[in-house]
Amino acid sequence: MTQGRPLLNRRLAGFGTTIFAEMSALAVRTGSLNLGQGFPDTDGPDEIREAAVRALRDGRGNQYPPGPGVPELRTAIADHQLRRYGLTHDPDTEVLVTAGATEAIAAAMLALLEPGDEVIALEPYYDSYAACIAMAGGTRVPVTLRPDRDTKTFRLDLGELRAAVTPRTRLILLNTPHNPTGTVLTREELAAVATLACERDLLVVTDEVYEHLVFEGEHIPLASFPGMRERTVSISSAGKTFSFTGWKVGWVTASAPLVSAVRTAKQYLTYVSAGPFQYAIAEALRLPDSYFENFRSDLRRKRDLLGDGLRAAGFEVYRPRGTYFITTDITPFGEKDAYAFCRALPERCGVVAIPNSVFYDDPDAGRSQVRFTFCKKDDVLREAVDRLRGLAS
Ligand code: PMP
Ligand code: GLN
């Protein structure tokens, strides 16, 4: 306290250390297997790492790159959107490179919200959404994805989404494929979101960082639906797709006025970042389709390896259609408190996981849900499953 008031401003009060940092520190401290924070234990393709080394050696990006991103990367992003999704973007005015998706989300909230604006986000929500909405002075309005115990998936209730819109709603912050539940919104669901956004004149910010990690169904950008191009800020990132989460190269694609608004905020957050890595990711986006297919099929196999193991260990397991996370329920162990469970897990069996309960406003909705990641070597996944088997005894 100074001057009789807390140091941390009230918008950030209650936002302590992120659960990912807390749980990764716990893994290091206890020497546990870390199936918590979502980062691969194998780096991405050698040729892409070498492309970054080359850029460093050749002096490309060692000084401030251009504010919107290096032209090579902006063009590669525009080409990727066209080739994959048929979306056309002018690399000069409709693409913005950011310090990971995290900065893109922050810049979008700071740029597009006025204090008091409501933002609808799917709950459980990725933790930075709550903080960024708060920093921008907005109000978070969660719409809860509900577990369907028959299909073992989480479903969006479109009626609930529609009912959450009020005259104060400014935007919907949509994450598909969805962290932590692995939900991939279907074409019908996305069409309904698009209709709602158009009817109520809402902006939509889409977090598509897991766009290439879809095992069942397909990823369809919301921006490709009628009427959505002019009201959607699409966000993605190289971290998950190319297994270089430490490089922090992300991007925004949107109409020129929306990119211009987000860029205005972004330039005062980091100005620019990751110079040499931008050149390397420009090459990564041009990798042949076989890279994306092999990556996906390898992860699908890992999903099944971990999912089967968790089920055998006694967890109730929800089936992710995308991302590299599996949400489970610990009720079969007679336990209810995911946070307490995750704090005790290293001691009990040397494994770290993430309690989904911290991603909910509704304290009951996710109380007993625990998330495990499967972006780890097969041996690590097998060993983790072996250790978790001891829980039931
Ligand atoms: N959104 C979601 C849903 C995530 O899971 C993550 C973590 N990769 C991010 C955004 C942040 O991405 P980046 O590391 O590119 O900032
Ligand atoms: N996206 C990663 C996850 O969900 C974590 C990223 C972070 O630590 N901020 O596990």
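Right above here is the structure, for reference.
Below you will find a few notes about this structure.

Calculation criteria
- Residues numbered from 1 in each chain as written.
- Chains lettered and ligands numbered in written order.
- Predicted model: local features only at pLDDT ≥ 70, side-chain atom pairs only at ≥ 80, totals over all residues.
- Heavy atoms only, no water.
- Near = heavy atom within 4 Å.
- Polar contact = N/O pair within 3.5 Å; in protein donor to acceptor, adjacent residues only side chain to side chain.
- Areas by Shrake-Rupley, 256 points an atom, 1.4 Å probe, with all protein chains shown as cover.
- 1 Å grid on protein atoms, 1.4 Å probe; cavity = no way out; pocket = protein on both sides within 12 Å on 5 of 7 lines; lining within 4 Å.
- Sits in = over half its atoms within 2 Å of the grid points.
- Helix = DSSP H or I, 4+ residues; strand = E, 2+ residues; numbered from the N terminus.
- Nonpolar A, V, L, I, M, F, W, Y, C, P; charged D, E, K, R; others polar.
- Points joined across faces, edges and corners; volume = space filled by probe spheres on them.

### A word on the site of ligand 1
Piece 1. Surveying the vicinity of ligand 1 reveals 14 residues, the closest of which are T102, D207, Y210, S237 and K240.
Piece 2. Residue N179 places a side-chain N or O atom 2.8 Å away from an oxygen atom belonging to ligand 1.
Piece 3. In the complex, 94% of the free accessible area of ligand 1, which totals 390 Å², lies under the protein chains.
Piece 4. Judged by its atoms lying within 2 Å of the grid points, ligand 1 is housed in the largest pocket.
Piece 5. Examining the composition of the shell around ligand 1, we find that 4 residues originate from one element, helix 4 (residues 100-112), more than from any other.
Piece 6. Split into classes, the residues belonging to the shell around ligand 1 amount to 6 nonpolar, 5 polar and 3 charged.

### Brief notes about the site of ligand 2
Piece 1. The environment of ligand 2 is formed by F20, Q37, G38, Y126, N179, Y210, K240, F325 and R371.
Piece 2. At 2.7 Å from an oxygen atom of ligand 2 is found a main-chain nitrogen or oxygen belonging to G38.
Piece 3. Residue Y126 places a side-chain N or O atom 3.1 Å away from a nitrogen atom belonging to ligand 2.
Piece 4. In this structure the site holding ligand 2 corresponds to the largest pocket.
Piece 5. Classifying every residue of the shell around ligand 2 by side-chain character gives 4 nonpolar, 3 polar and 2 charged.

### Some words on the layout of surface pockets
Piece 1. Approximately 1,000 Å³ is the volume attributed to the largest pocket.
Piece 2. Forming the boundary of the largest pocket are 43 residues, of which T18, F20, Y126, D127 and S128 lie nearest the centre.
Piece 3. Of all the elements in the fold, those that place two or more residues in the lining of the largest pocket are helix 1 (19-30), helix 4, helix 5 (127-135) and helix 8 (238-242).
Piece 4. Among the elements that make up the lining of the largest pocket, the one with the highest residue count is helix 5 (7 residues).
Piece 5. Of the residues assigned to the lining of the largest pocket, the class counts are 21 nonpolar, 14 polar and 8 charged.
Piece 6. There is about 260 Å³ of room inside the second largest pocket.
Piece 7. T42, S243, F295, D298 and K302 are, among the 17 residues lining the second largest pocket, the residues nearest its centre.
Piece 8. Among the residues forming the lining of the second largest pocket, the class breakdown is 7 nonpolar, 4 polar and 6 charged.

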